[in-house]
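Below, each chain spelled out in residue letters.
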Amino acid sequence: MSGALDLAFAVGGSIDKKGVKSAVEQYENYHGYFGGDEETRKANYNDMVSKYYDLSTSFYEYGWGESFHFANRWKGESLRESIKRYEHFIALQLGLKRGMKVLDVGCGIGGPLREIARFSFASITGLCNCEYQIRRGKELNQLAGLSESCNMVMGDFMKMPFPDNTFDAIYAIEATCHAPDVLGCYKEIYRALKPGQCFAAYEWCLTDHFDPTNESHQKTKALIELGDGLPDIRTTNQCLEALRLAGFEVVWAKDFALDSPVPWYLPLDPRRLSMTSFRLTAVGRVITKTIVKTLEFVHLAPEGSGIVSSVLEKAAEGLVEGGRKEIFTPNYFFLARKPL
């Protein structure tokens, strides 16, 4: 129950508690599910994404822990183990080691950043446009004893506050999907990366099975955009083309969802019940939603908390549908190099 109370008290992040309901209603209106459109989302992406994470971060931390991402998964491997392996893999692909200066683009509260810093001994700077996540991340850095090797900076990855050729490596874990213009985002990453060095990412993408003329596919896409703060969802080919146009050489790329023995969306699947990640299951989410609504009713959680919970439930619905239909993947990995 103490975890649920922490969740409820933190709903809204940096938003004034009296403004949570208004903020979530404004957020909803950006999306097609509520009559919004893609161009408005792209034009207002900074406000939309910042609101999304102010409203949702406490829910994510309560359910997922400190790392807000999926992972391909082996049989016999727990969700937590798969998430750590996923983070270690990106560190190994980039060859991270002591003395390297690394950027985490869209770092959230810094779960991957801390894990990768412990694993590789590299110095990592996290970039995030959400004030609440930066504040929470710095608290967690200090609690982990990593304040010297892990830093967090408030900023927009479409216009990053770093000089050219600053970093020895750059990575993004399910973050650049929030960019309104993927080419512009990759160009900024290219600019901040030293020549000869690499950028690695896990991207949220539409697969080749997505049919833009299929109404069911479009509905699933809209649910994912609404529930996850996305201006749009790109195809894997669009991401690769944007990398090349930004100047990168693509070393290799792969959708890890294709041969994952355990489906990436399994933690959210309503047909599944797990005691090790109970809060993420359909039953766990119903219990969480009930607790949040009760705390809202007795004024311990801000008004609008229940609506935030409903938006995130739509996210789960869309993600599971997208995974089952094989039209969406959060596991598209690539490694790209900036030429000398």
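Small disclaimer: the values here were computed from a predicted structure and weren't measured.

Colleague: Run through the side chain of Arg73, naming residues and quoting values.
Modeller: Among the structural elements, Arg73 can be located in the loop between helix H4 (45–64) and helix H5 (79–94). For the buried residue Arg73, which engages in no salt bridge, the nearest side chain bearing the opposite charge is Glu77, 5.6 Å off. Other than its neighbours up to four places away in sequence, Arg73 contacts Ser78, Leu79, Ser82, Arg85, Ser260, Pro261, Val262, Pro267 and Arg272.

Colleague: Give a description of the environment of Lys17 that names residues and reports values.
Modeller: Position of Lys17 among the secondary structure elements: in the loop between helix H1 (2–10) and helix H2 (20–29). Sequence-wise, Lys17 and Gly304 are 287 residues apart; in three dimensions their C-alpha atoms are separated by 9.3 Å.

Colleague: With reference to specific residues and values, describe the state of the cysteines.
Modeller: Inspection of every chain in the model, using the stated rule, returns zero disulfides. The structure places no disulfide on Cys107, whose sulfur is separated from the nearest cysteine sulfur, that of Cys128, by 4.9 Å. Using a relative accessible area of 5% as the deciding quantity, one classes Cys107 as buried. With no disulfide partner, Cys205 has as its closest neighbouring cysteine sulfur the one in Cys239, 3.7 Å distant.

Colleague: Hey, could you go over empty space enclosed by the protein for me, with residue numbers and the actual values?
Modeller: This structure, assessed with the given rule, holds one cavity of 30 Å³ or more. In this model, the largest cavity occupies a volume close to 40 Å³. In terms of lining, the largest cavity is formed by Val24, Tyr27, Tyr52, Leu55, Ser56, Val308, Val311 and Leu312. Of all the elements in the fold, those that place two or more residues in the lining of the largest cavity are H2, H4 and helix H12 (305–324).

About the criteria used
Residues numbered from 1 in each chain as written. Predicted model: local features only at pLDDT ≥ 70, side-chain atom pairs only at ≥ 80, totals over all residues. Heavy atoms only, no water. Helix = DSSP H or I, 4+ residues; strand = E, 2+ residues; numbered from the N terminus. Buried < 20%, exposed > 50% of the residue type's maximum accessible area, 1.4 Å probe, protein only. Lys, Arg positive; Asp, Glu negative; His and termini not counted. Salt bridge = Lys/Arg side-chain N within 4 Å of Asp/Glu carboxyl O. Contact = heavy atoms within 4.5 Å. Disulfide = S-S within 2.5 Å. 1 Å grid on protein atoms, 1.4 Å probe; cavity = no way out; pocket = protein on both sides within 12 Å on 5 of 7 lines; lining within 4 Å. Points joined across faces, edges and corners; volume = space filled by probe spheres on them.

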